[in-house]
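# Structural overview
Take a look at the letters that make up each chain.
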Amino acid sequence: MISAVKLSKINRHYGDVRALDGIDLDIAEGEFFALLGPSGSGKTTCLRLIAGFESPTSGHIEIFGQAVDDVPPYRRHVNTVFQDYALFPHLNVVDNVAYGLMIRGVDKRTRQIAAEQALDLIRLPGYGLRRPAELSGGQRQRVALARAIVNQPKVLLLDEPLGALDLKLREQMQEELRTLQQTLGITFVFVTHDQGEALSMADRIAIFNEGKIVQVDTPENIYQRPNTRFVADFVGSSNVITTAFAGITSDHTWASLRPESVKIVKTGGKSARVISLNYLGSLTRVALDIDGIRLHALVSSYDTLPEQGAEIRIDWNQQDVRVMQGER
Amino acid sequence: MIQTEKAVMPGRGGVFGAFSDGVWRHPKIFLLLLLLPPVLWLGVVYIGSLIALLIQSFFSIDEFTGLVNREFTLKTYGELLHPANLDIVVRTVSTAIVVTLAAAVVAFPIAYYAARYAKGKWKAVFYLGVMLPLWSSYLVKIYAWKLILAKEGILNWIFAQLHLTWLLDAVLAIPVIGGNSLSVSYLGTCIVFLYVWLPFMILPLQASLERVPANLLEASSDLGARPGKTFRHVILPLAMPGLIAGSIFTFSLTLGDYIIPQIIGSSRLFIGQAVYAHQGTAGNIPLAAAFTVVPIVVMAFYLWLAKRHGAFDAL
């Protein structure tokens with residue numbers, strides 16, 4: 001089966017800065033794929049390479065089996081939803097959405113109908129004659145989406161599309177994007193620095209750190225079986241402990257333990273001192289100190305909570321300790 | 001306790017302090033104070049004299065006594081339509097159109113480079129390069145151009161060295177725009193106009209291009225537009241306010257100038273020269289005023305046309 005996007009041995013250097021360093025990536029057709037990483041990790045550069053705005057220093061890119069190394073963006077069958085939307089300020093909403101069709105020479109009537117349909121799809125009917133400046137952030141975001149999908153691209157690239165929206169709107173858009181992707185069946189490649197967003201939306205996630213991909217996996221595996229300390233820390237702030245501390249014999253030194261796997265018990269386990277309590281709503285994060293090792297536990301706020309400074313006992317299931325294969 | 005009060009609200013600083021407080025509480029008074037001097041200048045001195053001029057153009061001159069007859073009449077405007085005068089108007093307006101179009105074509109790449117690519121030191125070089133000609137005397141520059149364009153001038157010499165004298169001669173042989181040498185042809189007039197007004201086209205154009213975010217060009221390209229189409233559908237519409245602003249400068253400055261056509265070009269008159277002659281030696285103030293109204297009407301028509309074609313939509 002041909003992959004939708006295939007990157008092999010991609011390097012992108014800016015002088016001495018290695019924005020991307022030996023990237024290999026295979027994105028399957030119809031997949032909702034997230035590129036996740038902190039800012040400056042190379043995820044946006046990776047997206048721009050797929051879109052064609054930049055060329056790799058070395059390496060090859062294929063889109064549906066076709067090499068696109070020398071193909072400019074306007075001849076690639078991909079469309080982008082930009083971070084700050086990049087709507088044309090001199091055109092109204094319909095003309096913005098119909099821009100790609102207009103460029104391709106589709107006649108005015110047909111492209112207007114297509115644009116109106118796209119506006120219906122993103123639930124902004126009747127907004128066609130407004131200017132982008134007259135829309136709210138969320139509405140602009142939808143228009144940017146409509147402008148891309150109206151061209152029926154083979155791959156849709158989204159560069160932090162929800163970054164500028166407030167929490168409530170963001171959660172709503174996450175659901176809508178997911179539904180939209182399933183309806184259209186287009187391959188989505190989605191850049192985000194928000195791990196929650198990546199976990200809840202993507203079929204698979206590639207985690208970037210300092211120009212390299214450190215793990216590619218499903219959200220469940222990324223969360224439950226982080227490969228490296230970086231992944232464990234970046235996705236859901238896991239406890240990183242040594243295998244020796246966890247009582248596991250292994251070639252690898254490091255293991256991860258999710259805070260929600262740490263339980264407060266009456267007897268047995270290890271003795272720990274409560275450093276601080278952090279109320280998060282339904283859950284409370286408890287910072288613990290075990291002979292100089294810091295651990296976090298996530299416990300239900302409805303349970304009886306320990307006092308700050310108290311000596312308590314904690315325990316966990318040994319199978320919740322995940323040895324990190326990516327570390328020595 | 002007293003100390004806390006001090007810390008929360010320091011005392012008023014005398015008369016100026018009280019004035020500041022008053023202005024702060026009444027923003028409208030502040031606006032009034034801010035705008036009063038320019039409004040007086042612009043409204044009374046500037047617009048006022050323009051209206052006085054407009055009124056003068058409806059007076060006429062008594063052909064026998066040479067005195068101004070202060071009765072409203074359209075007679076002077078009728079004189080404007082005499083072939084000799086109409087000729088001046090057509091000549092000036094067409095020159096202004098040619099100069100403006102040429103300025104737009106020459107200025108665009110320069111402005112585009114400065115807005116998109118020039119950074120740091122090169123930006124300073126750009127501003128210096130564009131402004132430097134404005135620092136030297138207007139008259140000196142024009143006389144310098146007369147020497148450059150003269151038959152014995154450097155341009156002729158360069159063409160001779162390149163064995164291209166035949167090309168220059170062929171251009172100069174074209175009726176109307178040609179002549180004995182570049183310095184006595186309309187072509188020469190246009191070249192010098194273009195040189196002198198070019199900064200006034202480059203600067204507003206650069207300012208408008210600078211305001212076009214780079215990601216709009218990427219978005220256009222992403223949506224399938226070749227660079228040429230991106231230029232036509234994104235860059236040009238967004239640069240239009242700057243182009244219009246620049247063309248207002250080049251167009252109106254060319255319409256009003258009377259020194260360049262006097263020094264460089266054939267001895268046929270431009271509007272500026274006609275105004276100069278009529279208000280001075282001829283003492284025909286009404287006709288001079290009527291001539292002055294022409295550029296105003298032309299500019300008003302031009303702006304109306306630009307607005308109708310959506311040139312200001314991107315503002």
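Rules of the game
- Residues numbered from 1 in each chain as written.
- Chains lettered and ligands numbered in written order.
- Predicted model: local features only at pLDDT ≥ 70, side-chain atom pairs only at ≥ 80, totals over all residues.
- Helix = DSSP H or I, 4+ residues; strand = E, 2+ residues; numbered from the N terminus.
- Buried ≥ 20, exposed ≤ 12 C-beta atoms within 10 Å, placed from the backbone.
- Contact = placed C-beta atoms within 7 Å.
- Rg over C-alpha atoms; globule rule 2.2 N^0.38 Å.
- Nonpolar A, V, L, I, M, F, W, Y, C, P; charged D, E, K, R; others polar.
- Expected span 1.5 Å × (residues − 1).
- Domains from an automatic or database assignment.
- Pairing = 2+ DSSP bridges.
- Axes fitted to C-alpha atoms, helices over the stretch in contact; angles between N-to-C directions.
- pLDDT = per-residue confidence, 0-100.

The next point concerns the overall build of chain A. When you go through chain A residue by residue, the secondary structure sums to 10 helices and 18 strands. Counting only C-alpha atoms, chain A reaches 75 × 45 × 35 Å along its principal axes. Buried positions account for 40% of the 328 residues belonging to chain A. For chain A, restricting intrachain contacts to residue pairs at least 6 apart in sequence, the fraction spanning at least 24 positions comes to 63%.

The next point concerns the overall build of chain B. Scanning chain B from N- to C-terminus turns up 15 helices and two strands. For chain B, the C-alpha radius of gyration of 26 Å lies well beyond 20 Å, the compact-globule estimate for 315 residues. C-alpha extents for chain B along the principal axes are approximately 95 × 65 × 40 Å. Taking all 315 residues of chain B together, 31% fall into the buried category.

So, on to the interface of chain A and chain B. Every contact between the two is made by 17 residues of chain A and, on the other side, 17 residues of chain B. Among the secondary structure elements, those contributing two or more residues to the side of chain A that touches chain B are β6 (78–81) and α3 (99–103) of chain A. Among the elements that make up the side of chain A that touches chain B, the one with the highest residue count is α3 of chain A (three residues). Here the side of chain A that touches chain B is built from residues that sort into 10 nonpolar, five polar and two charged.

This part covers helix α7 (residues 138–149) of chain B. An α-helical turn contains 3.6 residues, so any two residues separated by three or four positions project in the same direction. With 12 residues, α7 of chain B should cover 16 Å at 1.5 Å per step; its first-to-last C-alpha distance of 17 Å lies within 8% of that length. Looking at the buried side of α7 of chain B, the elements it contacts are α8 (154–161) and α10 (186–210) of chain B.

All names here are of chain A. Segmenting chain A into domains produces domain 1 (5–230) and domain 2 (239–323). Using only C-alpha atoms to locate each centre, domain 1 and domain 2 end up separated by 38 Å. On the domain 2 side, the residues contacting the four residues of domain 1 number four residues.

All names here are of chain A. Across the sheet, which stays open at both edges, the five strands sit in the order β13-β17-β14-β15-β16 with antiparallel pairing between neighbours. Each edge of the open sheet is held by one strand with a lone partner, namely β13 (263–265) and β16 (293–300). Sheet twist, expressed as the average angle between the axes of neighbouring strands with direction ignored, equals 50 degrees. Examined bridge by bridge, strand β14 (residues 270–279) and strand β15 (residues 283–290) share six bridges and lie antiparallel to one another. Directly across from V274, in β15, lies its bridge partner L288.

Let's shift gears to unusual backbone geometry. Look at E160 of chain A: it is not a glycine, yet its phi comes out positive at around 40 degrees. Locating E160 of chain A in the fold gives a position in the loop between β7 (155–159) and α6 (167–184). When the 20 C-beta atoms within 10 Å are taken as the criterion, E160 of chain A is described as buried. Here H163 of chain B, not a glycine, exhibits a phi torsion of approximately 55 degrees, which is positive.

All names here are of chain A. Strand order in the open sheet formed by three strands is β11-β12-β18, with antiparallel pairing between adjacent strands. Pairing within the sheet leaves two strands with one partner each, and these edge strands are β11 (239–242) and β18 (322–323). Bridging between strand β12 (residues 254–257) and β18 involves two bridges; their strand directions are antiparallel. What sits directly across from A255, in β18, is V323.

For the rest of this paragraph, the subject is the confidence of the model for chain B. Interpretation of the predicted coordinates at a detailed level should be avoided for regions scoring low in pLDDT. On average, residues of chain B score 88 in pLDDT, and 97% of them are at 70 or above. What the predictor reports for the complex is a pTM of 0.81 with an ipTM of 0.84.

Let us look at the pairing of β7 of chain A. Residue and element names in this part refer to chain A. Along β7, five of the five residues are buried, which leaves the element largely enclosed by surrounding structure. Of the two faces of β7, the one carrying V155, L157 and D159 and the one carrying L156 and L158 are both buried. Direction of pairing for β6 relative to β7: parallel, over a ladder of four bridges. Each bridged residue has a counterpart across the sheet, and for T80 the counterpart in β7 is L157. Relative to strand β8 (residues 187–192), β7 is paired through five bridges, and the arrangement is parallel. If you follow L157 over to β8, its bridge partner there is V189.

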